[in-house]
2 protein chains.
Amino acid sequence: MKAQIYNDTIVALATPAGNGAIAVIRLSGAQAIDFAASQFKSVSGKQLHKQATHTIHLGHIVDKNRTIDEVLVSVFKNPNSYTGENVVEISCHGSLYIQQEIIQLFLKKGCRMASAGEFTLRAFLNGKLDLSQAEAVADLIASDNEASHQIAMQQMRGGFSSEIAKLREELLNFASLIELELDFAEEDVEFADRSQFKALIARINFVLKRLIDSFAVGNVIKNGIPVAIVGEPNVGKSTLLNALLNEERAIVSEIAGTTRDTIEDEISVGGIGFRFIDTAGIRDTEDIVESIGIKKTFEKIEQAQVVIYLLDAAVTSSTVEKSQSVIVEIEKIKNRFPQKQLLVILNKIDHITDSDLANLTSNLVPHASNLIPISAKTGFGIERLTTKLLDLINTGALRNNETIVTNSRHYDALLKAFEEVQKVHYGLETDLSGDLLAIDIRQALYHFGEITGEITNDDLLGNIFANFCIGK
Amino acid sequence: MKAQIYNDTIVALATPAGNGAIAVIRLSGAQAIDFAASQFKSVSGKQLHKQATHTIHLGHIVDKNRTIDEVLVSVFKNPNSYTGENVVEISCHGSLYIQQEIIQLFLKKGCRMASAGEFTLRAFLNGKLDLSQAEAVADLIASDNEASHQIAMQQMRGGFSSEIAKLREELLNFASLIELELDFAEEDVEFADRSQFKALIARINFVLKRLIDSFAVGNVIKNGIPVAIVGEPNVGKSTLLNALLNEERAIVSEIAGTTRDTIEDEISVGGIGFRFIDTAGIRDTEDIVESIGIKKTFEKIEQAQVVIYLLDAAVTSSTVEKSQSVIVEIEKIKNRFPQKQLLVILNKIDHITDSDLANLTSNLVPHASNLIPISAKTGFGIERLTTKLLDLINTGALRNNETIVTNSRHYDALLKAFEEVQKVHYGLETDLSGDLLAIDIRQALYHFGEITGEITNDDLLGNIFANFCIGK
């Protein structure tokens, strides 16, 4: 696969579609600099071919006598570029029209429109990145909170790859020794020290187990931790989410002009993405329409990892019946979903007296071990809630900067490798012959190789890079 | 104004908001390189300060021990940059999260978020662009067809400015001579040759007139030429617009993934933007609801410059009554809107026989001087229609590459300058005294100066640059 040569030059928009101050169009391929040079008139009269790598040149993109735009052209020379090929980046004015005209011009001259992820595919094929690093590029772009960013960054910088590569190399050494034994089979020598080998296998087992276990947290971190908010209208769901959002110093809106309309959205709390799922209340009813609503609420809770039961403290403490019915609901959730983490939150405590709050709390505490009084409006208790939410997720590995597996392809390969390593372990315990041991070791090595891309095929690559955006 | 010094360093996202392969964050100011250097770890260990202008460096943006992203940093040194100050462009992975983290980091370190258009404002204040060139930058980014792009490009490259500057300089020469005469008033000398001056004023008059007249076409080109399509449902409006769109080789959808749902949209025909406005038919009726519809149609036609009356040839030729009622409608439009350009288009001619078409055409031609038979489905006649549409717009100036005024601020200033030049002209004819002539000339010069920015004030600049996007 690595020997595959691309003769053509690809072109694509590298920045998001839309109008902005500038846009960047990227060309990669052996002829990238030639293509750019043929359509570029430098202000200073310089020849693009003759310029050093990593230099920037001011000029105009021209099509015969027509000037399309004043641009800055950045030149990167093989192998010192993202793809490892010659690369040119054209920074033009950010009009959609100009972007299209420039891309069309290069297509007309013989470049090809890049397919999704093709720049990164070429980087992989040219040995600039291994496969798990290439996959991390897509994760990095998709990351929208500190935790998923940190994991993707570590993976892109090769943390995961080097961990796998180290295991693979040690295993490979032993495999070679065992295969050497086979060549000298009649002499009954043992090049590979079995006790050292057993220790190695135990260590590999341990590391694989840790990586496989990390996927549980990695997967939720990557996709956001689902939190169902059970609460009737007007208990303050939106205010709560905005309060949580404000805890982050995010200046989202200032930069991107984003606004948050829906409550069913992902927001970052303490650097970790939480997906909040809005549900209705679940009070007892004989009304058919309402019971359909309750069924839906239960379905949504089913998808969640954490359940927040949000209450209006003023309403709940208003009558004995109210607080009783709340206790019934809490017990219902606990019975039906014993596995879920339940948080009971008393909102609007600024609307009731301290003694009412004390009474309410003492009524509820026996039923709700995680009870947090807050005022989403004033911000009281929000920090305690944030801390609690993060406690519910096992973020130890994240804090300790350990490798966390987030990619299900890697998870599958690790599971298969683990299975083979178990066979090797069993083989060693039972004094299995070297040739049979060698087969299992080769299988384990194969699955390690799948992760970093030493072993691959076109289908696999196609699947992986199809998920990238065009221009990456 | 030009002496104004900015001591702070500004930062903003320069590429469109959203996820993409890469995003570019721009810093400008005396300390831009220092700020970048303090948060940048070069892969090769190079110091950013010591690097030459227009060079690119691979490394990581770090906040203490935390790595935010692997980036390319481009260094531009004062005065060789867009703003004329030190500029750094950071090309990072295109995740919204990463963009925000990097911008926040620099804000935390003491940079200031750039206000709308502030990079270009600084470029103007540092003498890199004059005001009309700066305004052209915004027009260029907003341009979405060949014509508006061409005009903005020419203006940005200084075509308009140099035309104004030349007039201004010649007028300034004469003003100086006349003011010199005032110093020698008692000696009754005449430094400024009055006949040469008259010739100059005539020339300036001519050029101003041409520029002022060009605004009529410039304005529609910039905003798109409004075309009302009068036609009942199913006469083929959408098919027609798609056929016009296909005439352009645009690969819009391939690049930006755009789709066209609505008929009320701007499309580019022959490089010029047309805004198509959908209306209903206008047949006679006594139904109140329908007559409201007709009123709306008339209101929409009022806004248009061109009216396309689109007919289904098969339906129109089916009965004598049908074709008669069409003629009534055509006459109604002509009577009510004698100033509008009317195009009658017979669509779906592939559904009728040649002799039916000949009959229908000979019936309609006496009433419709611009009658075009087409089949939007097969593409027949579309090219003729395109040519006709372009003929209706006076695009001569565009084809001849003459300066076209598109900016209403420029138009106002030109009108005012023209008025003052008229006064100078009158003064010369009536042998007005030098000191009074000088006042009118100074006024004309003032308005010329307003266009290029020799004369300006904070309010004016505020208004102009507030229309820019942040990051430009």
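Because the structure is predicted, anything quoted here is derived from the model rather than measured.

About the cut-offs
- Residues numbered from 1 in each chain as written.
- Chains lettered and ligands numbered in written order.
- Predicted model: local features only at pLDDT ≥ 70, side-chain atom pairs only at ≥ 80, totals over all residues.
- Heavy atoms only, no water.
- Buried < 20%, exposed > 50% of the residue type's maximum accessible area, 1.4 Å probe, protein only.
- Helix = DSSP H or I, 4+ residues; strand = E, 2+ residues; numbered from the N terminus.
- Pairing = 2+ DSSP bridges.
- Phe/Tyr/Trp six-rings, centres within 6.5 Å; stacked < 30°, edge-to-face > 60°.
- Contact = heavy atoms within 4.5 Å.
- Salt bridge = Lys/Arg side-chain N within 4 Å of Asp/Glu carboxyl O.
- Nonpolar A, V, L, I, M, F, W, Y, C, P; charged D, E, K, R; others polar.
- Least-squares fit on C-alpha atoms with pLDDT ≥ 70 in both.
- Axes fitted to C-alpha atoms, helices over the stretch in contact; angles between N-to-C directions.
- Parallel < 35°, antiparallel > 145°, perpendicular 65-115°, else oblique.
- Polar contact = N/O pair within 3.5 Å; in protein donor to acceptor, adjacent residues only side chain to side chain.
- pLDDT = per-residue confidence, 0-100.

Trainee: Just checking my understanding: could you explain the pairing of strand β12 (residues 341-347) of chain A for this structure?
Mentor: If a strand is regular, its side chains alternate between the two faces of the sheet. Residue and element names in this part refer to chain A. Of all the seven residues making up β12, six are buried; the element is thus mostly covered by neighbouring parts of the structure. Sheet topology places strand β11 (residues 306-312) next to β12; seven bridges connect them, and they run parallel. Bridge assignment links I308 to a residue of β12, and that residue is L343. The sheet contact formed by β12 and strand β13 (residues 371-373) spans three bridges and is parallel.

Trainee: It is not clear to me how the packing of aromatic side chains should be interpreted in this structure. Could you clarify?
Mentor: We describe a pair of aromatic rings using the distance from one ring centre to the other and the angle between the two ring planes. By the definition in use, this model includes 10 aromatic pairs over all chains. On the basis of an interplanar angle of 15° and a centroid distance of 4.1 Å, the ring pair of F215 of chain A and Y411 of chain A is categorised as stacked. On the criterion of sequence distance, the pair formed by F215 of chain A in helix α7 (residues 194-223) and Y411 of chain A in helix α16 (residues 408-429) is long-range, its members being 196 residues apart. For F215 of chain A, a relative accessible area of 11% translates into the label buried. Its relative accessible area of 24% is what places Y411 of chain A among the partly exposed residues. Between F465 of chain B and F468 of chain B, the aromatic rings sit 5.0 Å apart at their centres with planes inclined by 40°, giving tilted as the arrangement.

Trainee: Mind showing me how you'd approach the interface of chain B and chain A here?
Mentor: It is common to report an interface's size as the accessible area lost on association of the parts. Between chain B and chain A, the residue contacts involve 57 residues of the former and 58 residues of the latter. The tally of links from chain B across to chain A stands at zero salt bridges. Going through the elements one at a time, β2 (22-28), β4 (55-63), β5 (66-76), α2 (96-109), α4 (131-142), α5 (146-156) and α9 (252-256) of chain B are the ones with two or more residues in the side of chain B that touches chain A. Class assignment of the residues belonging to the side of chain B that touches chain A gives a composition of 28 nonpolar, 18 polar and 11 charged.

Trainee: Which parts of the structure should I look at to understand the relation of the copies chain B and chain A?
Mentor: The relation between the two copies of this chain is a rotation about an axis and a shift parallel to it. For these two chains of identical sequence, chain B goes onto chain A by a turn of 179° and a shift of 0.0 Å along the axis, with RMSD 0.2 Å. A rotation of that kind, with that shift, is consistent with a two-fold axis. It is T55 of chain B whose C-alpha, among those of chain B, lies nearest the rotation axis, at 2.2 Å. Of the interface residues in chain B, 100% have counterparts in chain A that sit at the interface too, so the contact is made through matching surfaces.

Trainee: Which parts of the structure should I look at to understand the packing of α4 of chain B against helix α17 (residues 434-452) of chain B?
Mentor: Helix-helix packing is characterised by the crossing angle of the two axes and by the distance between the axes. Residue and element names in this part refer to chain B. Where α4 contacts α17, the two axes come as close as 5 Å, and the packing angle between them is 40°. By the angle between their axes, α4 is oblique relative to α17. Mapping the contact onto sequence places L131, S132 and E135 in α4 and E450, I451 and T452 in α17. Class assignment for the residues of the contact of α4 with α17 results in two nonpolar, two polar and two charged.

Trainee: In this structure, what is going on with the side chain of R26 of chain B? I would like to understand it.
Mentor: All names here are of chain B. Considering the arrangement of structural elements, one finds R26 in strand β2. Look at R26 and you get buried, because its relative accessible area is 4%. A polar contact of 3.1 Å, which involves the side chain of R26, links it to the side chain of E89. Polar contacts involving the side chain of R26 include one to the main-chain carbonyl oxygen of G471, which spans 3.3 Å.

Trainee: Got a minute to help me understand the confidence of the model for chain A in this structure?
Mentor: Residues shown with low pLDDT carry predicted positions that ought not to be read at fine detail. Averaged over every residue, the pLDDT of chain A is 86; the share at 70 or more is 91%. In the predicted structure, residues 248-262 of chain A sits below a pLDDT of 50 and forms 24 contacts with residues beyond four places in sequence or in another chain.

Trainee: Any chance you could explain the sheet that holds β13 of chain A here in plain terms?
Mentor: Strands pair in a sheet through their backbones, by hydrogen bonds, and they do so in one of two ways: parallel or antiparallel. All names here are of chain A. Strand order in the open sheet made by the six strands is β9-β10-β8-β11-β12-β13, with mixed pairing throughout. Both edges of this open sheet fall to β9 (266-269) and β13, since each of them pairs with a single strand only. Each adjacent strand pair in this sheet contributes to an overall mean axis angle of 30°, direction not counted. Of the pairings in the sheet, the one linking β9 to strand β10 (residues 272-279) comprises four bridges and is antiparallel in character. When the sheet's bridge partners are listed, E266 is paired in β10 with R275. Packing of helix α12 (residues 320-336) onto the sheet brings it into contact with β11 and β12, and relative to β11 it is tilted by some 175°. Strands β11, β12 and β13 of the sheet are contacted by helix α13 (residues 354-364), whose axis makes an angle of about 165° with β12.

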